[in-house]
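Coordinate inspection notes
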Amino acid sequence: MSHAARLQNIPSDPYWWQARDQGRPGDTENVPATCDVAIIGSGYTGLSAAYRLASGGLKVVVIDAADLGFGASTRNGGMVSGTLKLSHKELCAAYDRDTANALFQEGQDSVLFLEQSIAEKGIDCDYQRMGMYFAAYAPKHYEALAREAEELAALGVETRMVPQAEQRSELASDIYYGGRTTVMAGGLHPAKYHAGLVAACRAAGVVFRSRCRVRRTVRQGQGYVLSTDRGSLRADQVIVATNAYSDPGMPWFLRRRVIPIGSYIIATEQMDSAKLRALIPAARMIQDTKRNLFYYRLSPDGTRMIFGGRTSFRPISSDESATRLHAAMSTVFPSLAKARVEHSWTGNVAFTFQKLPHVGQHEGIHFALGCCGQGVALMSYFGDRIGRRILGQGGDTAFARTRFTTMPGYSGHPWFLPAVGEFYRLLDWLERPKS
Ligand SMILES: Cc1cc2nc3c(=O)[nH]c(=O)nc-3n(C[C@H](O)[C@H](O)[C@H](O)COP(=O)(O)OP(=O)(O)OC[C@H]3O[C@@H](n4cnc5c(N)ncnc54)[C@H](O)[C@@H]3O)c2cc1C
């Protein structure tokens, strides 16, 4: 069979879904009449909030339009890091120093929160703090990583610069110009982590309703009425945890501020784990420094390469994304040029115009949105913060102070993305030395 033929009819379900918890038959019954807190969205944000609230004695209902965890929380790369899209220097330029420091620190602390949460709940999700490697796509990117390493050292964050000549200790690829490791990062199995959260929530008494879209949320007296596909639910409080999957049923105010961007991933066939491990000897999570970045890692059992990127800013088929990502993977690791692709999937990442998440309230409805592709630790942490806030147990976060604005003409459909994507592609190309 030709190689092109082998990149056709590839299953578009995420590799991780073999281990996901889609919900129980009872989850598709009608919604209960009342609850203390209704949570819309069953990803990490919704589940972390639900667990905290139910553990605090409240009656909580989590509702998802699809199967439990249908959104980004079972589709992501499983890379755990507290790194924000904006560097500490950029945070200081955008906010006062106290806010910048608090944002930076909470990013780092979200990893500790995640680790503690996994340990407390006894979640078996293959988590390991093996660190991350940022691979420099151009010499000037390496210089920028080095400058930032000095800033990070001053903030007490442990990193190590790896010059190109020594790079093979981290990455058996010759396309990068060195890079930087970060210790405070790791990897997990996203669907196992999600299933573990669902189990912890059920044990705490959370009620789930899946395949049940919330069509409308209306304030009534001191509470809210949610109109859903399976009846009406009256709740004292509401949390919107729909992130990049926010649909017209969600408040217009929020959709106008979140930019859903498609990200694509492939998982290869099973291969010799020793050979794969030789490609990423420390088994770290890898991200490169391009604007249209690639991110990749070994599967938790070490037998597959999981390779992702924003290969298109227009919707494309799973075969098309598999072809593009396979070509990219073969450029990074020529020895994988003949590797078969067994899964090719996509998911939506939620960006904001400020490149930072925001946690807040709108007309009394709580929300946390816009993790900009860094949500495994952060969105889990934000869900817990919202839960604590509702319980009156603190729950403050500096991310309530991030700006959360929109732009004229934007209503939730990111018509400008193809142009931005092409512009980024051009900048990436210009910065790369030509041989
Ligand atoms: C391909 C990809 C790779 C990623 N890789 C990483 C990574 O390696 N590391 C990292 O830190 N982050 C990564 N992310 C981001 C991370 O996955 C997300 O930040 C996180 O999962 C968001 O969780 P959430 O609970 O906020 O939203 P989601 O998990 O997206 O859940 C939102 C849910 O809301 C539901 N919903 C929407 N509208 C309604 C409605 N009207 N009624 C009821 N339910 C509704 C949806 O069905 C969905 O299940 C990645 C994301 C993607 C897509």
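Sequence order as written defines residue numbering, which begins from 1 separately in each chain. In keeping with the predicted nature of the model, local features appear solely for residues at pLDDT of at least 70, side-chain atom pairs appear and are counted solely at 80 or more, and the whole-chain, interface and lining totals rest on all residues. Calculated side-chain values reflect all of the structure's heavy atoms, with hydrogen atoms and water omitted.

You'll find the protein entered in an unreviewed UniProt entry as FAD-dependent oxidoreductase, with Pseudaminobacter soli given as the organism.

**Quick look at helix 2 (residues 44–55)**
Side chains that are three or four residues apart share a direction in an α-helix, a result of its 3.6 residues per turn. In this model, helix 2 (12 residues) spans 16 Å end to end at C-alpha, consistent with the 16 Å of a helix rising 1.5 Å per residue. In terms of burial, helix 2 is largely enclosed, as 10 of its 12 residues are buried. Only protein chains enter the calculation, and the probe is 1.4 Å; a residue is then buried if its accessible area is under 20% of its type maximum, exposed if over 50%, and partly exposed in between. Runs of H or I in DSSP of at least four residues are treated as helices and runs of E of at least two as strands, each being numbered from the N terminus. Listed as buried for helix 2 are Tyr44, Thr45, Gly46, Leu47, Ser48, Ala49, Ala50, Arg52, Leu53 and Ala54. Gly57 sits one or two positions beyond helix 2 and adopts a positive phi of about 95°. The span expected for a helix works out to 1.5 Å for each residue beyond the first.

**Points about the nonpolar core**
Across soluble globular proteins, you tend to see nonpolar side chains buried next to one another. Core analysis: the largest hydrophobic core is formed by 51 residues, its most contacted members being Ile39 and Tyr193. Those elements giving two or more residues to this core turn out to be strand 1 (34–40), helix 2, strand 2 (60–63), helix 4 (97–121), helix 6 (190–204) and helix 10 (375–391). Of all the elements, helix 10 adds the most residues to this core, at eight residues. Residues within four places of Ile39 in sequence aside, it is in contact with Gly46, Ala49, Ala50, Leu53, Val60, Val61, Val62, Ile63, Ile239 and Ala241. Tyr137, Tyr264, Met271 and Leu279 belong to the second largest nonpolar core, which has 32 residues in total. Buried residues of nine kinds, namely Ala, Val, Leu, Ile, Met, Phe, Trp, Tyr and Cys, make up a nonpolar core once their side-chain atoms join them within 4.5 Å. The contact criterion used throughout is that any non-hydrogen atoms of two residues lie within 4.5 Å.

**Some details on the side chain of Thr268**
Assignment of secondary structure puts Thr268 in strand 12 (residues 259–268). Exposure remark for Thr268: the relative accessible area of 0% places this residue in the buried category. Looking at Thr268, its side chain comes within polar contact range of the main-chain nitrogen of Met305, at 3.0 Å. Excluding anything up to four places from it in sequence, Thr268 contacts Arg304, Met305, Met329, Ala339, Arg340, Val341 and Glu342. In protein, a polar contact requires one atom able to donate a hydrogen and another able to accept it; more generally it is a pair of N or O atoms within 3.5 Å, and residues adjacent in sequence count only if both atoms are side-chain atoms.

**Considerations on the layout of surface pockets**
Using only the protein atoms, space was sampled on a 1 Å grid; points where a 1.4 Å probe fits but cannot get out form cavities, open sets with protein on both sides within 12 Å along at least five of seven lines form pockets, and lining residues are those with an atom within 4 Å of a point. Grid points are joined across faces, edges and corners, and a volume is the space filled by probe spheres set on the points. Computed from the structure, the largest pocket encloses a volume of approximately 1400 Å³. Mapped onto the lining of the largest pocket, the elements with two or more residues apiece are helix 3 (88–94), helix 5 (139–154), strand 12, strand 13 (285–288) and helix 11 (417–431). It is helix 5 that provides the largest number of residues to the lining of the largest pocket, a total of seven residues. Under this grouping Gly is polar, as are all residues other than the nonpolar Ala, Val, Leu, Ile, Met, Phe, Trp, Tyr, Cys and Pro and the charged Asp, Glu, Lys and Arg. Class assignment for the residues of the lining of the largest pocket results in 15 nonpolar, eight polar and 14 charged.

**Re the site of the ligand**
Nearness is judged by heavy atoms alone; a residue qualifies as near a molecule or strand once a single heavy atom is within 4 Å of it. Taken together, 38 residues lie around the ligand, and Thr45, Asp64, Ser73, Met79 and Cys371 are the ones closest in. Gly78 is positioned with one of its backbone polar atoms (N or O) 3.4 Å from an oxygen atom of the ligand. In this structure, Gly373 approaches the ligand through a main-chain N or O atom, which is 3.1 Å from a nitrogen atom. The class makeup of the residues in the shell around the ligand is 18 nonpolar, 16 polar and four charged.

**Considering the UniProt feature "domain: FAD dependent oxidoreductase" (unreviewed entry) in the protein**
UniProt positions are given in the numbering used here, feature names are shortened, and annotations may be inferred rather than shown by experiment. Mapped onto this structure's residue numbering, the UniProt feature "domain: FAD dependent oxidoreductase" (unreviewed entry) falls at residues 36–385. Secondary structure content for residues 36–385 is 32% helix and 28% strand, and the end C-alpha separation is 17 Å.

**Quick look at the packing of aromatic side chains**
Centres within 6.5 Å make a pair out of two Phe, Tyr or Trp rings, where for Trp the six-membered ring is used; the pair is then stacked when the planes are under 30 degrees apart, edge-to-face when over 60, and tilted otherwise. This model, assessed by the stated rule, comprises 17 aromatic pairs. Arranged with centres 5.4 Å apart and planes meeting at 45°, the rings of Phe294 and Phe307 form a pair that is tilted. Separated by 13 residues along the polypeptide, Phe294 in strand 14 (residues 294–298) and Phe307 in strand 15 (residues 305–309) bring together distant segments of the chain. Judged by its relative accessible area of 17%, Phe294 falls in the buried class. Measuring from ring centre to ring centre gives 6.5 Å for Phe423 and Tyr424, while their planes differ by 40°; the resulting arrangement is tilted. Residue classification places Tyr424 among the partly exposed residues on the basis of a relative accessible area of 27%. Through a chain of ring-to-ring contacts, three or more aromatic side chains come together here, namely Phe113, Tyr381, Phe382 and Phe399. Only Lys NZ and Arg CZ are tested; either one counts as a charge over a ring when it is within 6 Å of the ring centre and within 35 degrees of the ring normal. Seen from the ring of Tyr137, Arg432 lies directly overhead, with NZ or CZ sitting 4.5 Å from the centre.

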